[in-house]
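If you want the building blocks of each chain, they are given just below.
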Amino acid sequence: MAGGVGMDGGSGKIYPGKLTLFVLLTSIVAATGGLIFGYDIGISGGVTSMDSFLLKFFRGVYKQRRDSANLYCQFDSQLLTTFTSSLYIAGLIATFFASGITRVYGRKISMVIGGFSFLIGSALNGGALNIEMLIVGRIMLGVGVGFANQAVPVYLSEMAPARLRGGLNIGFQMFTTIGILAANLINYGTDKITGGWGWRVSLALAAVPAGMMTIGAFGLPDTPNSLIERGHMEKGRAMLERIRGTGDVDAEYHDMVEANEISKTVKHPFRNILQRRYRPQLVMAIAIPLFQQFTGINAIMFYAPVLFKTIGFGNDASLMSAVITGVVNVVATAVSIVTVDRYGRRFLFIEGGIQMAISQVVMAILLGVKLGTSGEGEMSKAYSILVVVVVCVFVSAFAWSWGPLGWLVPSEIFPLEIRSAAQSITVSMNLLFTFVIAQAFLAMLCHFKFAIFLFFALWVLIMTLFVYFFLPETKHVPIEEMTTVWSQHWFWTRFVPAPHPADHKELQADSHPKPRDNTSGNIAFI
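This one's a predicted model, so the numbers in the text were calculated from it and none came from an experiment.

Novice: Where do I start with the overall build of the chain in this structure?
Specialist: Each helix and strand in the chain was counted, giving 24 helices and two strands. Counting across all 526 residues of the chain, residues that qualify as buried make up 62%. Intrachain contacts of the chain at a sequence separation of at least 6 include 81% that bridge at least 24 residues. Working note: accessible area of the chain is about 18,800 Å², and carbon and sulfur atoms make up 68% of it.

The following block contains the structure:
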């Protein structure tokens, strides 16, 4: 037999190959696309808590915060939340354009476009003279996020060996958390700049992660899947041999070509995804990003300084508390990288959900006891530290579960023929619900008071039950063989027919060229 194609306990084929240095480096470069997403999430909350920024663009909020005795409602302003949320509507629209570009021209082109757009947005925001210029800058940032989030997770899933796909794909989320932490640290420093222009530095420095991704994307190779999809069959095979570190790629190459032939029959991916056999993928493309945002994480990460200031922290203390949660976010995401391919996606989803729900209920109790419904109570230093600890427990649970897996699982479950369209749906749903939460959170905090955390806790309970009953395990399953997990699932089997037995035959040696030895540059992680 040409090529050892084994089976992983019935979950899918095991293709030959190791984690090569080439794949590791390209994955790191591609994953830097997460920096621009994370930097934006982290920077907006800190900037909107700075008095100098509020005096420049949102004088009404500044006056309201100074005069209002109700801590819950001090930052309640739809115009202020529009500054944060406008990015996500722009990203939602941009991702549908990114879908076609990613499919026709490759994944790396979308990354380059995303980086350029983010550079323009950072320049506009850093030099903003009025609210209109500020919002236009945010829209350009949104276009960048839409393109990057559409292309990077798919790129990582296609480059990675199946057995390590989870860890490598989570690199995107890891860089997202690093971006959040960097933004929190920068906000803490720029807030101390005298003269009231520190916010400009915070916003303009978005050009740094944007430049890193743009320059890095120019040097990235196309994935084998993308090359084959665009008709470059020999280049696709050569790239596959290079990233697997072996010439023994017959089985994996055959499956990619077969998936590509199927994809050619699909003329309208967005229409075809509505077919019955793609029902589980469509449901996950909508449900996973919805649930990810309704954990309440972005409400905390967007407005962490605002939230901590709302519950009685001073300006320095609120920004430092945001830095602490940022550190926890990074460390917990690293935990996910080393555990996701060992314990699986379902375990982390469920454990993280339980931990988040408990911490949110505790948070509601702590705020309810001290601030009540009037929002006019006070917290001691020790009590405030306890609030930060509970927030960190919540953030850590999200960071090793729904944070990275909310991007990983959708990027690995879509067949090639609908992959770009389905990823666009995932990204657009994520950005849509991010917009909803970003736009509504401060108003909800004003009206729901401490019960806002009970609201999110209920959603976390629902989504944990959803995973338990409806999401099959996908670890170690090659992305071109993912149909099997749905056809074997107790519920989805009624929509997805079982693959034909011939699809799982091992390939005979005489039907493929003799493999060449191309093992240089391997890192023997496996």
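Novice: What's the story with the packing of aromatic side chains in this structure? I'm lost.
Specialist: Given two aromatic rings, one states the distance between the centres and the angle between the planes to describe the pair. Tallying each qualifying case throughout the model produces 30 aromatic pairs. Both rings, one in F53 and one in F58, keep their centres 5.7 Å apart while their planes meet at 45 degrees; by these two values the pair is tilted. With respect to class, F53 is no different from F58; both count as buried. For the pair W490 and F491, a centre-to-centre distance of 5.5 Å together with 65 degrees between the ring planes defines the contact as edge-to-face. Sitting over the ring of Y188, K192 keeps its end group 4.7 Å from the ring centre.

Novice: Which parts of the structure should I look at to understand the layout of surface pockets?
Specialist: Gaps left between atoms are located by rolling a probe of water-molecule size over the structure's atoms. One number sums up the size of the second largest pocket: a volume of about 370 Å³. The wall of the second largest pocket is formed by 15 residues, among which L19, L164, G167, L168 and I337 lie closest to the centre. Those elements that provide at least two residues to the lining of the second largest pocket are helix 1 (21-31), helix 8 (165-190) and helix 18 (315-343). Among the residues forming the lining of the second largest pocket, the class breakdown is ten nonpolar, three polar and two charged.

About the thresholds
- Residues numbered from 1 in each chain as written.
- Predicted model: local features only at pLDDT ≥ 70, side-chain atom pairs only at ≥ 80, totals over all residues.
- Heavy atoms only, no water.
- Helix = DSSP H or I, 4+ residues; strand = E, 2+ residues; numbered from the N terminus.
- Buried < 20%, exposed > 50% of the residue type's maximum accessible area, 1.4 Å probe, protein only.
- Contact = heavy atoms within 4.5 Å.
- Areas by Shrake-Rupley, 256 points an atom, 1.4 Å probe, with all protein chains shown as cover.
- Phe/Tyr/Trp six-rings, centres within 6.5 Å; stacked < 30°, edge-to-face > 60°.
- Lys NZ or Arg CZ within 6 Å of the ring centre and 35° of its normal.
- 1 Å grid on protein atoms, 1.4 Å probe; cavity = no way out; pocket = protein on both sides within 12 Å on 5 of 7 lines; lining within 4 Å.
- Points joined across faces, edges and corners; volume = space filled by probe spheres on them.
- Nonpolar A, V, L, I, M, F, W, Y, C, P; charged D, E, K, R; others polar.

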